[in-house]
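Results of the structural survey
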Amino acid sequence: MSEALPRWNRLPSQQAADEILPCCGAKAWAEKMVAQRPIADETALLAACDLACKSLAESDWLEAFRSHPRIGETSAQAPTSARSAAWSREEQWSVATKNGDMKMMLTEGNRAYEQRFHRTFIICATGKSAREILDSLRRRLRNDDSTELYEAAEQQRQITHLRLKKWLSA
């Protein structure tokens, strides 16, 4: 195991929150993670993440969502760390390499989603093709507000798990 977690466990609270924030983007989540220290290993870290996620308010989720760029783009609505931006580029690799019709359909889908839900479409894009992402976007446009917030939050939780694993191995 890397030294990332033991070192993080020893950091002052604010520094620890700042360090883990790129994994999710919600300050309340980072604070809840810090409050659960010391965390022993990856399994405990992911369980702590899930516990923190369960207690987030809608405003916290919206803050996390703003830390992500639109699918197919590189800049998030809110300022993000270099680490978060790099992870987003990796996660969206399959979409970023597309051009032409697929990129246009994703752009139109992003616009429709934002008009409907007033936030960025969030999906755990790692391992998904551009077609799979577009199909999910179109399906989720039919959700009601409550269902879609739940779905977006679950996607954010999945992204956060992947990012925590990357953070541990850095």
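Refer to the structure presented above.
Here is a short report on the structure shown in this document. (Residues numbered from 1 in each chain as written. Predicted model: local features only at pLDDT ≥ 70, side-chain atom pairs only at ≥ 80, totals over all residues. Heavy atoms only, no water.)

**With respect to the nonpolar core**
Formally: By nonpolar core is meant a set of buried Ala, Val, Leu, Ile, Met, Phe, Trp, Tyr and Cys residues that side-chain atoms within 4.5 Å join together. With a 1.4 Å probe rolled over the protein chains alone, any residue whose accessible area is under 20% of its type maximum counts as buried; one over 50% counts as exposed, and the rest are partly exposed. Here a helix means four or more residues in a row that DSSP labels H or I, a strand means two or more in a row labelled E, and each is numbered from the N terminus. Here, residues are in contact when the closest pair of their heavy atoms is within 4.5 Å.
Core analysis: the largest hydrophobic core is formed by 46 residues, its most contacted members being Trp8, Ile20, Trp29, Met33, Leu45, Leu164 and Trp167. When contributions to this core are tallied by element, the ones reaching two or more residues are helix 1 (4-10), helix 2 (13-20), helix 3 (27-35), helix 4 (42-54), helix 5 (58-66), helix 8 (101-117), helix 9 (130-140) and helix 10 (145-169). By residue number, the principal contributor to this core is helix 10, which donates seven residues. Here methionine 33 is in contact with Trp8, Ile20, Ile39, Leu45, Ala48, Cys49 and Ala52, once residues within four sequence places are set aside.

**Some remarks on the packing of helix 8 against helix 9**
Note the cut-off: Between N-to-C directions, angles span 0 to 180 degrees; the directions come from axes that are lines fitted to C-alpha atoms, helices contributing only their stretch in contact. Any angle that is under 35 degrees is reported as roughly parallel, and any over 145 degrees as roughly antiparallel; angles of 65 to 115 degrees are reported as roughly perpendicular and all others as oblique. The crossing is said to be left-handed when, going from far helix to near helix, the turn is anticlockwise and less than a right angle, and right-handed when the turn is clockwise.
Two elements in contact, helix 8 and helix 9, have axes whose closest approach is 10 Å; the angle formed by their N-to-C orientations is 25 degrees. In terms of their interaxial angle, helix 8 and helix 9 are classed as roughly parallel. As helix 8 packs across helix 9, the resulting crossing turns out to be left-handed. Side by side, helix 8 and helix 9 meet where Met102, Met105, Leu106, Gly109, Asn110, Tyr113 and Phe117 of the first sit next to Ala130, Arg131, Ile133, Leu134, Leu137, Arg138 and Arg140 of the second.

**Notes on the environment of asparagine 110**
Counting through the fold element by element, asparagine 110 comes out in helix 8. By relative accessible area, which is 3% here, asparagine 110 ends up buried. Placed 12 residues apart in sequence, asparagine 110 and isoleucine 122 show a C-alpha to C-alpha distance of 9.8 Å. Look past the residues within four positions of asparagine 110 in its chain and what remains in contact with it is Arg70, Ile71, Phe121 and Leu137.

**Observations concerning the pattern of salt bridges**
Quick note on the threshold: Every case where a carboxyl oxygen of Asp or Glu lies within 4 Å of a side-chain nitrogen of Lys or Arg is listed as a salt bridge.
Applying the stated criterion across every chain yields a total of eight salt bridges. Between glutamate 19 and arginine 7 there is a salt bridge, with the nearest N and O atoms lying 2.5 Å from each other. Here glutamate 19, found in helix 2, pairs with arginine 7, found in helix 1; they are 12 residues apart in sequence, far enough to count as distant. Under the relative-accessibility criterion, glutamate 19 is labelled buried at 18%. Aspartate 50 is paired through a salt bridge with arginine 157; the nearest N and O atoms lie 3.0 Å apart. Of this pair, aspartate 50 sits in helix 4 while arginine 157 sits in helix 10, placing them 107 residues apart in sequence. Accessibility expressed as a relative area gives 24% for aspartate 50, which makes it partly exposed. Salt bridges linked by common partners bring Asp50, Glu154 and Arg157 together as one network.

Shape is all these values report; function is a separate question.
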